[in-house]
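Chain by chain, the residues:
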Amino acid sequence: MQVHSAQPAGELPSILIVDDEPRVLRSLRATLKQDYRIDAATSTAEARKLMTQGDGYSAVVSDERLPGETGHELLEWVQDRKSTRLNSSHSSVSRMPSS
């Protein structure tokens, strides 16, 4: 996955991952940490705080099902701020085998 960014040379592009499941955060961080600077939030409130404190992110990856607010609502807020070039949403759905 390539992300084109206005990051200074030698500095890794940054990604904010938002998911309320620690296992998912650990997995995504482990997968992406060699090529990106990763910040993680377990709620949309925490994500918004991180977004307002820093210089923005090259990408935001958010779970769709979050307590209090959907990932889609968060990403609309991100897009309105125009501090992030690329954003996406993911959702994990567990299915029980039918009897």
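Here, every reference points to the structure presented above.
Described below are features of the structure shown in this document. Note that this is a predicted model, so its numbers are computed, not measured.

About the criteria used
Residues numbered from 1 in each chain as written. Predicted model: local features only at pLDDT ≥ 70, side-chain atom pairs only at ≥ 80, totals over all residues. Heavy atoms only, no water. Buried < 20%, exposed > 50% of the residue type's maximum accessible area, 1.4 Å probe, protein only. Helix = DSSP H or I, 4+ residues; strand = E, 2+ residues; numbered from the N terminus. Arc of directions from axis to C-beta. Pairing = 2+ DSSP bridges. Right-handed = clockwise from strand over helix to strand, strands pointing away.

1. Thoughts on helix α1 (residues 22–32)
Part 1: When we look at burial in α1, the residues that qualify are V24, L25 and L32. Along the long axis of α1, the arc covered by the buried residues comes to 100°, so they all point the same way. Exposed residues pointing more than 90 degrees away from the buried face of α1 are listed as R23 and R26.

2. Points about helix α3 (residues 71–81)
Part 1: Within the sequence span of α3, burial applies to G71, L74, L75 and V78. Projected onto a plane normal to the axis of α3, the buried residues spread over an arc of 95° and lie on a single side.

3. A closer look at the pairing of strand β1 (residues 14–18)
Part 1: Across the five residues that make up β1, a large majority, five, are buried.
Part 2: Going residue by residue along β1, you find S14, L16 and V18 tucked away on one face and I15 and I17 tucked away on the opposite face as well.
Part 3: Relative to strand β2 (residues 37–41), β1 is paired through five bridges, and the arrangement is parallel. Pairing of L16 across the sheet is with D39, part of β2.
Part 4: The β-α-β motif built from β1, the intervening α1 and the parallel element β2 has right-handed crossover chirality.
Part 5: Pairing of β1 with strand β3 (residues 57–63) involves four bridges; the strand directions are parallel. The partner of V18 across the bridge, within β3, is S62.

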